[in-house]
Every structure is written in structure tokens, then in C-alpha cells.
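Chain by chain, the residues run as shown.
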Amino acid sequence: QNTSSSYSSDGTNSMQYKYVDSSAADAWAFTPALNLQTGDSIIITFDQMIRSATYPEALQVTIGTQPTVLSQTTKLFNDTGLINITFSTLTLRYAAPSSGSFYLAFNCLSRADMWMLFIDNVKIIQKTNSPCTNPPVAGSVVSSDSAVCPAKNISLSLSGSTYGIGQTYQWQ
């Protein structure tokens, strides 16, 4: 783990792989389980950078049904020549072929005697493929503040709503 804001895209911590001069990298980091239904999709975004373009790094991102190397059967990203020395945001997509638990893995597989790879700001957005309710339930508006004034920011959200086709909201 890196604890320097110099090697973090957001805050002071990031995931870090530091080289070994005598052997190639094969370091894995797994996410907690993502419970998906058939057809559900996920969007994965993360920031990535290396320490020096003179020492290119290699990274793959995989998904599988267990948090083990052997279960990581689907590659979502594979780049063996990363040379960016400032953080770059990558976006990956995946649709579940079946229902169950899935685990993402970040695998540094750089050659021996490279330098450092940093991963930060990992975000996973899950989009469900569950059927819509017909007719949809609009729900109730929840406000972060009961007083609404010009030039004052508030947050509006919904409570008790369901998904539906043709459902729109108008905030006034």
C-alpha cells in the first residue's frame, strides 16, 4: 500500500506494486464478492500510473467466480506496456453470463526489475437487469434540507421508488 499523496490520484493512499529485481511480478488483489444476476452489468473505473516510463509495467484485470488465481477465467483488460507517469482513468464493462458471486482481480505481471505500478480510485457500478415494475412506483422525494434558498445547495433523492419504462421526474 502506498501512503503518499504523490502516488495517489485521490487522497493519500493507493494500491502499489513495487518491483523485485530477481523475479517477474505476479501480484494479485481481489475485490469482495459482487452478487450478480444473469444479464446484470458492471462498469469498473480505476486510475492507473507507473513510476517511470523507462520501466514499463504490465497489468491485467480479470473476473471469476472465486477470489483465487485459478478462478479468474475472463480477462477484462490486459496491457503489457504501461508507460504513463500520470494517472489515467480506465473504464471496463462486464455482463454476468449467469447468476452468482463474482470477484474482480487486479494482477501486476511486470517483468523482473521494473519499478512501480499504482492503482487508485477503484469504482464499481452495478446495473441490474431485473424486470421493471409495471406500473412503476414514483416514490417520495427526500431533501437533505427543509429550507430551500437561492444559491444554497441541497440534495434530492427518492425513497420507495421502482424502475419502470417511461418514468420521468421533474424537479422544480
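Residues numbered from 1 in each chain as written. Predicted model: local features only at pLDDT ≥ 70, side-chain atom pairs only at ≥ 80, totals over all residues. Heavy atoms only, no water.

This next bit is on the overall build of the protein. Secondary structure assignment for the protein yields zero helices and 11 strands. Counting from the amino terminus, helix and strand elements in the protein follow one another as β-β-β-β-β-β-β-β-β-β-β. Counting all 172 residues of the protein, 29% fall into the buried class. Put simply, of all contacts in the protein between residues at least 6 apart along the chain, 73% involve residues at least 24 apart. (Helix = DSSP H or I, 4+ residues; strand = E, 2+ residues; numbered from the N terminus. Buried < 20%, exposed > 50% of the residue type's maximum accessible area, 1.4 Å probe, protein only. Contact = heavy atoms within 4.5 Å.)

Right, let's talk about the pairing of strand β8 (residues 100-108) for a bit. Among the nine residues that make up β8, seven are buried, leaving the element largely enclosed by the rest of the structure. Where strand β2 (residues 27-30) meets β8, four bridges bridge the pair, whose relative direction is antiparallel. By the bridge assignment for β8, Ala-29 is matched with Phe-106. In this structure, strand β3 (residues 34-36) lies alongside β8, joined through three bridges in antiparallel fashion. Counterpart to Leu-34 in the pairing with β8 is Phe-102. Here strand β5 (residues 57-64) pairs with β8 via six bridges, running antiparallel. By the bridge assignment, Gly-64 is partnered in β8 with Tyr-103. (Pairing = 2+ DSSP bridges.)

Inspection of the secondary structure assignment puts Phe-46 in strand β4 (residues 41-50). Relative accessible area serves as the criterion here: at 0%, Phe-46 is assigned to the buried category. For the pair Phe-46 and Ile-119, spaced 73 residues apart in sequence, the C-alpha to C-alpha distance is 6.9 Å.

The next point concerns the packing of aromatic side chains. Tallying each qualifying case throughout the model produces five aromatic pairs. Aromatic pair Phe-46 and Phe-77: ring centres 6.4 Å apart, planes at 80°, arrangement edge-to-face. Taken together, the residues Phe-46 in strand β4 and Phe-77 in strand β6 (residues 74-82) connect sequence positions 31 residues apart. By the burial criterion, Phe-46 is buried, and Phe-77 matches it. On the numbers, 5.9 Å between centres and 85° between planes, the contact of Tyr-55 with Trp-115 is edge-to-face. Taken together, the positions of Tyr-55 in the loop between β4 and β5 and Trp-115 in the loop between β8 and β9 (116-127) put the pair 60 residues apart, joining distant regions of the chain. Its relative accessible area of 34% is what places Tyr-55 among the partly exposed residues. Linked through ring pairs, Phe-46, Phe-77 and Phe-106 together constitute an aromatic cluster. The ring centre of Trp-115 lies 4.7 Å from the NZ or CZ of Arg-51, which sits over that ring. (Phe/Tyr/Trp six-rings, centres within 6.5 Å; stacked < 30°, edge-to-face > 60°. Lys NZ or Arg CZ within 6 Å of the ring centre and 35° of its normal.)

Through backbone hydrogen bonds, the strands of a sheet pair up, either in parallel or in antiparallel fashion. The sheet built from four strands is open, its strands ordered β1-β9-β4-β7 with antiparallel pairing. Only two strands of the sheet have a single partner each, and these edge strands are β1 (15-18) and β7 (88-95). Strand-to-strand twist of the sheet, defined as the mean angle between neighbouring strand axes without regard to direction, takes the value 25°. Relative to β9, β1 runs antiparallel, the two sharing four bridges. Of the residues in β9, the one forming a bridge with Gln-16 is Phe-118. (Axes fitted to C-alpha atoms, helices over the stretch in contact; angles between N-to-C directions.)

It is worth spelling out the nonpolar core at this point. The biggest cluster of nonpolar side chains holds 24 residues, and the ones touching the most others in it are Ile-42, Phe-46 and Leu-59. For this core, the secondary structure elements donating two or more residues are β3, β4, β5, β6, β7, β8 and β9. Beyond its immediate chain neighbours, meaning those up to four positions away, Ile-42 contacts Leu-34, Leu-36, Ile-63, Leu-92, Arg-93, Tyr-94, Leu-104, Ile-124, Ile-125 and Gln-126. (Core = buried A, V, L, I, M, F, W, Y, C linked by side-chain atoms within 4.5 Å.)

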